[in-house]
Amino acid sequence: QVQLVESGGGLVQPGGSLRLSCAASGSGFSFFRMGWYRQAPGKERELVASITSGGTTNYVDSVKGRFTISRDNAKNTMYLQMNSLKPEDTAAYYCNADRIMSWGKDMYWGQGTQVTVSS
């Protein structure tokens, strides 16, 4: 069992920066693929960025060059550095952990943290 807790959301002006953190408790953090998803009101949840256990990263086109995902396996923590924020980045951001097991996919979600980009 893994518990995920996000932090770092808030209100920021356009062009500003925020750093989200996702702290994981439980065992096996280093074996999980980790991801940040976001969901804006009236829209579907989308994958923003992911990082594999080996450190390979992937980003949705709309955040490439502005967001950076990273992980610190020693601290059981994942981060999302968000720069040059735009109003369209406003959403609830969720931390996700998943791995493939012999019986299927083992997946966990955090409770979410709100990011609002507004002047």
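Structure report, in brief. This one's a predicted model, so the numbers in the text were calculated from it and none came from an experiment.

About the thresholds
Residues numbered from 1 in each chain as written. Predicted model: local features only at pLDDT ≥ 70, side-chain atom pairs only at ≥ 80, totals over all residues. Heavy atoms only, no water. Disulfide = S-S within 2.5 Å. Helix = DSSP H or I, 4+ residues; strand = E, 2+ residues; numbered from the N terminus. Buried < 20%, exposed > 50% of the residue type's maximum accessible area, 1.4 Å probe, protein only. Phe/Tyr/Trp six-rings, centres within 6.5 Å; stacked < 30°, edge-to-face > 60°. Lys NZ or Arg CZ within 6 Å of the ring centre and 35° of its normal. Salt bridge = Lys/Arg side-chain N within 4 Å of Asp/Glu carboxyl O. Pairing = 2+ DSSP bridges.

Quick look at the state of the cysteines now. Applying the stated rule across the entire model yields one disulfide. Cys22 shares a disulfide with Cys95; S-S distance 1.9 Å. The S-S bond linking Cys22 to Cys95 shows a torsion near -65 degrees; that makes this disulfide left-handed. With Cys22 in strand 3 (residues 18-25) and Cys95 in strand 9 (residues 91-101), the pair connects residues that are 73 residues apart, well separated along the chain. The pair Cys22 / Cys95 is uniform in exposure class, with both members buried.

With that settled, consider the packing of aromatic side chains. Tallied over the full model, the rule gives two aromatic pairs. Ring geometry for Tyr37 and Trp109: centres 4.9 Å apart, planes at 65 degrees, overall edge-to-face. Placement of the pair is Tyr37 in strand 4 (residues 33-39) and Trp109 in strand 10 (residues 104-109), with a sequence separation of 72 residues. Looking at Arg45, its charged tip hangs above the ring of Tyr94, at a distance of 3.8 Å from the centre. Directly above the aromatic system of Phe29 lies the positively charged group of Arg71, at a separation of 4.8 Å from the ring centroid.

The subject of this paragraph is the pattern of salt bridges. One side chain can pair with another of opposite charge once the charged atoms of both are near each other. Summed over all chains, the structure comprises six salt bridges. Across the pair Asp98 and Arg33 runs a salt bridge, and its minimum N-O distance is 3.1 Å. Placement of the pair is Asp98 in strand 9 and Arg33 in strand 4, with a sequence separation of 65 residues. Judged by relative accessible area, Asp98 falls into the buried class, the value being 6%. In the salt-bridge network here, residues are joined through shared partners; they are Arg38, Glu46, Arg66 and Asp89.

Time to look at the pairing of strand 1 (residues 3-7). Where burial is concerned, the two faces of strand 1 differ: the one with Leu4 and Glu6 is buried and the one with Gln3, Val5 and Ser7 is not. Strand direction decides the pairing type here: strand 1 and strand 3, joined by five bridges, are antiparallel. Following the sheet pairing, Val5 is matched in strand 3 by Ala23.

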